[in-house]
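Residue-level listing of the chains:
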Amino acid sequence: MSWILFTLGAVIMQTFRNALQSQLSEHVSTSGVTLARFLFAPPIALFYLYLLHTFSQQPIPEFSQGFLAVILLASVLQIAATSLMVILFKQKNFAVGAGLAKSEALVAGVLGTIFFGSQLSLFGWLGIFIGAAAVFVLSGGGRKGELSLKTVTIGLACGTCFALTSLYVREAAHMLNVPFPHSAAWVLLWVLCIQTMILLAYITIKDRSIFSALKTQSKMTLATSLTSCLGSICWFSAMALHHVAYVKTLGQIEVLFTILIAVFWLKNPVKKQEIIGLLLIAFAAILVMWA
């Protein structure tokens, strides 16, 4: 059941990363905040890989053309998904769109079964559908007038890109001739290096002042990269061990941490739909852990 521990670790790190990104966004543009996730991540991922080889030495794997193609697809799709999420921020009904973006667990289950050979149990499918319903309830998608075709399209496209990213990451890890966790660590390093180079090139061409802004917020930038990389280590490890749809469904308990912060730190009252959504998420998590 190591995948459960890795998923919980990923959720905790992602919650901290989101909080840091929120603070950083007060001083840096959206592109800069996105770059902060990756800027120092490759060296951290390389150090993690070094530690793995120190305690359990393995040969350097063979990187076939097929592996590189899958890695490139995963890297570009994650950037596309992040860009679509930024577009969702600008929509009036963002909460609904963000909820639809979380449909990645359901999409991963469908696409994984059709194209990637995933075999999910009945309890697993039930947990995935309940998790999707929970996110829909929490986003307020059931309220009249909250849905628009544009938001639905962007949200589902975002969720599909995230789902495909995760499926390709799992596929890439299984293509390497080294055991876990080395395979997941190599995939992570490749993805982070490609994404960092793409973002660095984009910002260099579009707005170099972002580099100065990040430099003035160096401590927060480093903390964002660290929590993001640690979260990615956990995500990649969990997805290498188990079905993406199960991992992403269990990962929806991130909503629980977010609401707890809102209630106990920001002193926001709990809404009825949040209680219902949290109960559904808890039930979905139990089902996928049991599957």
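In what follows, the structure referred to is the one given above.
Just so we're clear, the structure is a prediction, and the values are computed from it rather than from any experiment.

A. Structural context of the overall build of the protein. Within the protein, the secondary structure is distributed over 14 helices and zero strands. In the protein, the succession of helices and strands from N to C terminus is α-α-α-α-α-α-α-α-α-α-α-α-α-α. For the protein, whose C-alpha radius of gyration is 19 Å, the value lies close to the compact-globule estimate of 19 Å for 291 residues. Taking the principal axes of its C-alpha atoms as reference, the protein extends roughly 55 × 50 × 35 Å. Per-residue burial over the protein gives 50% buried out of 291 residues. By sequence separation, contacts in the protein at least 24 residues apart represent 86% of the contacts at least 6 residues apart. Per element, the accessible surface of the protein, about 14500 Å² overall, is 70% carbon and sulfur. Positive and negative side-chain charges of the protein, numbering 17 and 8 respectively, have mean locations separated by a distance of 8 Å.

B. Up close: the packing of helix α2 (residues 30-38) against helix α10 (residues 209-216). In the contact formed by α2 and α10, the axes pass within 10 Å of each other and the chain directions differ by 60°. Considered as vectors, α2 and α10 are oriented oblique to each other. Handedness of the crossing formed by α2 with α10: right-handed. Contact residues: α2 offers S31, G32, L35 and A36, while α10 offers I210, F211 and L214. Counted by class, the contact of α2 with α10 contains five nonpolar, two polar and no charged residues.

C. Representation of helix α6 (residues 104-115) in the model. Counted at 1.5 Å a residue, the expected span for α6 with its 12 residues is 16 Å, and the 15 Å between its end C-alpha atoms agrees. Buried residues of α6: E104, A105, V107, A108, G109, L111 and G112, and no others. Looking one or two residues beyond α6, the residue adopting positive phi is G117, at roughly 75°.

D. The arrangement of the side chain of R17 in detail. Relative to the assigned elements, R17 resides in helix α1 (residues 2-24). For R17, the residues in contact, after removing those within four places along its chain, are R37, T224, T227 and S228.

E. Spatial organisation of the pattern of salt bridges. Within the structure shown, the criterion is met by one salt bridge. Of the charged contacts in the structure, one is a salt bridge between K248 and E104, with a shortest N-O distance of 3.7 Å. A residue pair is termed long-range when its members are at least 10 positions apart, and K248 in helix α12 (residues 244-250) and E104 in helix α6 qualify at 144 residues. Pair check on accessibility: K248 and E104 agree, each one buried.

F. Main features of a nonpolar patch on the surface. On the surface, F47, Y50, L51 and F55 cluster together into a nonpolar patch covering about 510 Å² of accessible area. With respect to the secondary-structure elements, F55 resides in helix α3 (residues 41-55).

Reading the values: rules and limits
Residues numbered from 1 in each chain as written. Predicted model: local features only at pLDDT ≥ 70, side-chain atom pairs only at ≥ 80, totals over all residues. Heavy atoms only, no water. Helix = DSSP H or I, 4+ residues; strand = E, 2+ residues; numbered from the N terminus. Rg over C-alpha atoms; globule rule 2.2 N^0.38 Å. Buried < 20%, exposed > 50% of the residue type's maximum accessible area, 1.4 Å probe, protein only. Contact = heavy atoms within 4.5 Å. Areas by Shrake-Rupley, 256 points an atom, 1.4 Å probe, with all protein chains shown as cover. Lys, Arg positive; Asp, Glu negative; His and termini not counted. Charge placed at Lys NZ, Arg CZ, Asp CG, Glu CD. Axes fitted to C-alpha atoms, helices over the stretch in contact; angles between N-to-C directions. Parallel < 35°, antiparallel > 145°, perpendicular 65-115°, else oblique. Left-handed = near helix turned anticlockwise from the far one by under 90°. Nonpolar A, V, L, I, M, F, W, Y, C, P; charged D, E, K, R; others polar. Expected span 1.5 Å × (residues − 1). Salt bridge = Lys/Arg side-chain N within 4 Å of Asp/Glu carboxyl O. Patch = residues over 30% accessible without salt bridge, like charges linked within 9 Å, V, L, I, M, F, W, Y side chains within 5 Å.

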